[in-house]
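Structural characterization, general
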Amino acid sequence: MLFTGGIAAVLSFVVIAFIFIKRKKITCMAGMMAAMALGMLAGLTGGLLAGISYNGNLFLSTILGMTFGFLAGFFAGMPISIMAIIDGVLSGVMGGMMGAMLGEMIAPEYQDPTVHIMLVLFVGMTCIVLYMLQQEAGFNHSFLINKLFHNPLWLAIALPLFFYLYNHLYNEFARSSDLPMTNSSLNHFMEDHNQAAPPLSIETKGKKVVIEATEFVYLPKSLQLTVGQPVTLILKNSGRVEHDIEFENMKASLLQRNDHENHAENANVHVHSLPGKTAEVTFIPIESGVFRFYCTVPGHKESGMVGWAKVS
Ligand SMILES: [Cu+2]
């Protein structure tokens, strides 16, 4: 995410710098196109990243997306003309709104692919915009970079290379940030508790997560959990009807429950709470992945009572 944002920021800066340097040779029409394209791309990408990062707060992510789009469109249009500024700013604001909505609404398991697609779109389009501006300003074949740029073969090699490196670094990056969480002691801890039946009232130093339920929304609607780390999930029902949380296909060992239903050992994690009451369930996630949870009261899931947990 940071990586993608960084690439997008650097490329935006390159385009703006290019427009600024060649501002005398670029016609108003080309400047408008460039400002519109850059504003839209920066808005979409910034909005998407903000929508994913601040999921559940569409207002904040929309404002952030609009700001990115506005700034990119404004600075790209500024060296050209007022018309280019208007063009850039408006499409930037629109792109920011759409990107934020996309980031907010996209299912969690598709967030990473969506970011990748957006980056491909961003890099591809900025290349075309830069090419167009080059054409507009006249090629200067004395620069090596321009020769490279003018040769489709080089471009055909450079782009796949970029995406290969990007994927490689992206995975490296993700792995290194996961590292502290998956150390061997936690794995041992997890294995020990898988072998024996989990004791009912274990002293756990796990984390506590509170989810507030109302009609018909969870707050927050996403959780970050760690494999092997016990977690106490507290469901605070602030609504006027009963609500619950049921996880789909999440493998976990249950440690204790405070309601009275009987449950098999590999049951889904489930917690139910009456209006105005609080209930909790303690469990250890066994498998990493993204798991949805929802309210099983008829009609609630369809009305928006869904969320997800990212177990890493
Ligand atoms: Cu409900």
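Above this text sits the structure in question.
The following refers to the structure shown. What you are looking at is a predicted structure, and each value in this text was computed from that prediction instead of being measured.

Protein coordination of the copper ion is provided by H243 (ND1), C295 (SG), H300 (ND1) and M305 (SD), with donor distances spanning 2.0 to 2.8 Å. Each donor residue of the copper ion belongs to the same chain, with the gaps between them written as H-x51-C-x4-H-x4-M. Here the residue H243 occupies a position in strand β5 (residues 243-247), and H300 occupies one in the loop between β9 (289-294) and β10 (306-311), the gap between them amounting to 57 residues. By relative accessible area, H243 is classed as buried at 0%. Take H300: its relative accessible area is 7%, and that puts it in the buried class.

Moving on, we come to the nonpolar core. Residues Y218, L223, L233, I245, F247, V269 and F283 are the most contacted members of the largest nonpolar core, which totals 27 residues. When residues of this core are traced back to their parent elements, those giving at least two are β1 (207-214), β3 (222-225), β4 (231-237), β5, β6 (252-257), β8 (278-285), β9 and β10. With residues near it in sequence (within four places) discarded, L233 still touches V209, I211, L223, I245, F247, V271, A279, E280, V281 and F283. In terms of nonpolar packing, the next biggest core, distinct from the first, is built from 19 residues, I16, A35, I80 and L130 among them.

Turning our attention to helix α2 (residues 28-53). Think of an α-helix as 3.6 residues a turn; residues three or four steps apart then line up on the same face. The end-to-end C-alpha separation of α2 is 37 Å, in line with the 38 Å expected for 26 residues at 1.5 Å each. Burial within α2 is extensive, with 20 of its 26 residues counted as buried.

What counts and what doesn't
- Residues numbered from 1 in each chain as written.
- Predicted model: local features only at pLDDT ≥ 70, side-chain atom pairs only at ≥ 80, totals over all residues.
- Heavy atoms only, no water.
- Donors = N, O, S within 2.8 Å, 3.2 Å for Na, K, Ca; no water.
- Helix = DSSP H or I, 4+ residues; strand = E, 2+ residues; numbered from the N terminus.
- Buried < 20%, exposed > 50% of the residue type's maximum accessible area, 1.4 Å probe, protein only.
- Core = buried A, V, L, I, M, F, W, Y, C linked by side-chain atoms within 4.5 Å.
- Contact = heavy atoms within 4.5 Å.
- Expected span 1.5 Å × (residues − 1).

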